[in-house]
Amino acid sequence: MSKSSEDNTLIKRFLGGDVAAFDEIVVKYKGLVFNVCLKMLGNYEEALDLSQDIFLKIYGSLKDFRYEAQFSTYLYKIVLNFCRNRLKVLQRRRRKEAFSIDNDLATEDGTLKREFASDNPNPRDVLDGKEKEALILNAINSLNHDYKEAVILRDVEGLKYEEIAGILNIDLGTVKSRLSRARHILKEKLEGIL
Amino acid sequence: MKDCKHIQEYLSAYLDQALDKEKVSLVEEHLRVCEVCERELDNIRKISQVLGSLEKVEPPPDFLEKLHERIEKRKSLDRFLRGLFSNPGAKVFVSLTLLSFVLLILFRNINVDYPLGVRHEKAVSRSAVEQEKITELKNDKITQITSGEKGGYDESRLPEDKEYLTKEVPYSQVASEGIKQFYEHTIKKGEEGVSRGFTDENKSFESIGGYEDKRKMSVAGAGAVLPQSDYRRESALSKENYYSDYALKIEVNNLTEALIEIKSILNRRNIETVSSPETTLDAVDLKQPVSLTVKVKITSQLLAVFIDDLKQLKTVSAFFSPLQTPKEGSFPLDIQLKRIPR
């Protein structure tokens, strides 16, 4: 049975009242959903929370699924929509919480100079060999949404150009140019570690 | 090299074998002779490989369990809402609560307006200039009364009036008390038998003279231009009512000019004038009173003709004629002119 028809069978079983079929869908796709969220948001907790939101949404809206498209395409669309919305919320929250680093932090025991974590990876991460990966994730995170989506779908998820075009609802030419631009920016940022 | 920038735009798609044949040969030809672009392609390949080799992070083992909890919570909420709306009593309660919220929001900023007939009552909260003018008029009145032949009123008897005249009743207060209550309040004041000349009708009345014995009745009218129905009610309260049963309210830009024009129509149409203010009175605009009253005797037919004539006047901006008048015979009519700022 192909991957696509396997998904359709699970969906039909679930809509027929077999709740266990939904669990199978979750088990099958939770890694995909969580990892795309993680790359898009760059934050473990947020990615976890959003992944749950996404499956909760799917639980309620699978009855509207049209079998014309692949379930994975439908899933990627939902994931990226949720990511876009969550990123907007996070950006607004960040703007609200913004403060001047010149202002001392008031505490019960007096004022403290504000200190920030260094951008450099900590020694433990280096020892773990994760320094490179952290830098790569930072670089991905610095891309704008459009480039980030394209490069994650292509290079991280390994999707074909046509699939990316379908998920993002853009034409092939735009996929090519977004990918080219995203890879060029990443190359500039990561030149030293490649 | 000149073509490098152009070629480098294709390298990403070339790497993914997403270029058409023509462009592939173009890129390959260039790469054979250009080391820079060759290195660029190599870098892009490395970037792509690095991204592809990023470690896949496993979601925590209790992912499904937590999802089940959230699904259960959602189901409970759905059940609660469904239950709420399936119970007719609860449905009514929720609907009424929502409705009251909607009404509260809708009417939060809307003030109660007055019916057309009591438009003048709104002027209780007048502008400072108008208020000053009223006080001024009132003072004029006091002078006239005290110096009048049959005066009998002296200023010492009027402190309450003075306060009443100069005291502004906030619009909101009037609105909340309601028109009826405010009206009753003014009647009560009038019944105390103190002349107060609340509005300019009294001034016009005084300028006519000869009605001193009815002054108290004019006070009972509380100086307000009342709606027709209220006039009748007022008639019941005092048999000798100064006001006629019918009033034609006219809004004008310039009282003096309008008065001259209206008098001219009255003459032309042979309408009997019972009393009228002097046309030369307060000719200077700023000294003009806010309103004047001309009392006439008229028939319904003549009133219709008079209204037609009024429509032609440029100084008249609006008028409100009595709703019902006697079909036969003549009846007393108050032609009330109110000055509306341009």
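An account of the accompanying structure is given in this report. (Residues numbered from 1 in each chain as written. Chains lettered and ligands numbered in written order. Predicted model: local features only at pLDDT ≥ 70, side-chain atom pairs only at ≥ 80, totals over all residues. Heavy atoms only, no water.)

## A word on the interface of chain A and chain B
Operational definition: Two residues form a contact once any of their heavy atoms are found within 4.5 Å. Accessible area that two parts lose when put together, evaluated with a 1.4 Å probe and summed over both, is termed the buried area. Note on definitions: salt bridges are taken to be side-chain nitrogens of Lys or Arg within 4 Å of carboxyl oxygens of Asp or Glu.
Listed by partner, the interface residues are 39 residues for chain A and 32 residues for chain B. For the pair chain A and chain B, the two sides together bury roughly 3,400 Å², of which 63% comes from carbon and sulfur. Three residues stand out in chain A for area buried against chain B, namely Gln52(A), Leu56(A) and Arg183(A), and they jointly supply 20% of the buried area on that side. In this assembly, chain A and chain B are joined by six salt bridges.

## Some thoughts on the layout of surface pockets
Space left empty within the atom packing is revealed by a probe, the size of a water molecule, rolled over the atoms. Residues and elements named next belong to chain A. To keep things clear, this is the line we draw: Here a cavity is any set of points on a 1 Å grid over the protein atoms alone where a 1.4 Å probe fits but cannot get out, and a pocket is any open set with protein on both sides within 12 Å along at least 5 of 7 lines; a residue lines the site when it has an atom within 4 Å of a point. Grid points are joined across faces, edges and corners, and a volume is the space filled by probe spheres set on the points. Only DSSP runs of H or I reaching four residues or more are called helices, and only runs of E reaching two or more are called strands; each is numbered from the N terminus. Classes in brief: Ala, Val, Leu, Ile, Met, Phe, Trp, Tyr, Cys and Pro nonpolar; Asp, Glu, Lys and Arg charged; the others, Gly included, polar.
By volume, the largest pocket is sized at about 440 Å³. Lining the largest pocket we find 14 residues, and of these Leu 38, Gly 42, Glu 133, Ala 134 and Leu 137 sit closest to its centre. Sorting the residues of the lining of the largest pocket by element identifies α2 (19–41) and α6 (131–141) as the ones contributing at least two each. No other element matches the five residues that α6 contributes to the lining of the largest pocket. Taken together, the residues that form the lining of the largest pocket break down as five nonpolar, four polar and five charged.

## Regarding helix α2 (residues 21–33) of chain B
Operational definition: Here a helix's expected span is defined as the number of its residues, less one, multiplied by 1.5 Å.
In a regular helix each residue adds 1.5 Å, so 13 residues correspond to 18 Å; α2(B) covers 19 Å between its end C-alpha atoms and thus fits that length. Summarising the contacts, the buried residues of α2(B) are in contact with α1 (4–15) and α3 (35–52) of chain B.

## A short note on the packing of aromatic side chains
All names here are of chain A. To keep things clear, this is the line we draw: Think of it this way: a Phe, Tyr or Trp ring, Trp meaning its six-membered ring, pairs with another when their centres are within 6.5 Å, and the plane angle makes it stacked under 30 degrees, edge-to-face over 60, tilted otherwise. Remark: exposure states derive from per-residue accessible area (1.4 Å probe, protein chains only) relative to the maximum for the residue type, with buried under 20%, exposed over 50%, and partly exposed in between.
On inspection of all chains with the given rule, the structure shows eleven aromatic pairs over all chains. Between the aromatic rings of Phe 14 and Tyr 59, the centroid separation amounts to 5.3 Å while the plane-to-plane angle is 55°, which identifies the pairing as tilted. Linking Phe 14 in helix α1 (residues 3–15) with Tyr 59 in helix α3 (residues 44–61), this pair joins segments that are 45 residues apart in sequence. By the burial criterion, Phe 14 is buried, and Tyr 59 matches it. Among the aromatic residues, ring-to-ring pairing joins Tyr 29, Phe 65, Tyr 67, Phe 71 and Tyr 74 into one connected group.

## A look at the sheet that holds strand β4 (residues 316–320) of chain B
All names here are of chain B. Quick reminder of the rule: Here, a strand pair is defined by DSSP locating no fewer than two bridges between the strands. Here, axes are lines fitted to C-alpha atoms. For helices the fit covers the stretch in contact, and angles between N-to-C directions go from 0 to 180 degrees.
Spatial ordering of the open sheet is given by β2-β3-β5-β1-β4, a layout of five strands whose pairing is mixed. Two strands bound the open sheet, and with one partner strand each, they are β2 (272–275) and β4. Within this sheet the neighbouring strands show an average axis-to-axis angle of 30°, counted without direction. Relative to β4, strand β1 (residues 246–252) runs antiparallel, the two being bridged by four bridges. By the bridge assignment for β4, Ile 250 is matched with Phe 319. The sheet strands contacting helix α13 (residues 255–268) are β1, β2, β3 (291–298) and β5 (331–339), and the helix crosses β5 at an angle near 155°.

## A few points about a nonpolar patch on the surface
All names here are of chain B. Counted only if it meets this: The patches reported here contain residues having more than 30% relative accessible area and no salt bridge. Joining distances are 9 Å for like charges and 5 Å for nonpolar side chains (Val, Leu, Ile, Met, Phe, Trp, Tyr). Calculation of accessible area relied on Shrake-Rupley with a 1.4 Å probe; when residues are assessed, cover is drawn exclusively from the protein chains displayed.
Together, Val 92, Leu 96, Leu 99, Val 102, Leu 103, Leu 106 and Phe 107 give the surface a local cluster of nonpolar side chains, amounting to about 650 Å² of exposed area. Relative to the helices and strands, Leu 106 resides in helix α5 (residues 88–107). A relative accessible area of 51% places Leu 106 in the exposed class.

## Quick word on the pattern of salt bridges
Within this structure, the stated rule accounts for 26 salt bridges over all chains. Glu46(A) is paired through a salt bridge with Arg86(A); the nearest N and O atoms lie 2.7 Å apart. Of this pair, Glu46(A) sits in helix α3 while Arg86(A) sits in helix α4 (residues 71–97), and the two are 40 residues apart along the sequence. According to the relative accessible area criterion, Arg86(A) is buried, its value standing at 13%. Between Asp309(B) and Arg268(B) there is a salt bridge; the shortest N-O distance is 3.9 Å. Placement of Asp309(B) in helix α14 (residues 300–312) and of Arg268(B) in helix α13 is noted, with a sequence separation of 41 residues between them. Its relative accessible area of 10% is what places Asp309(B) among the buried residues.

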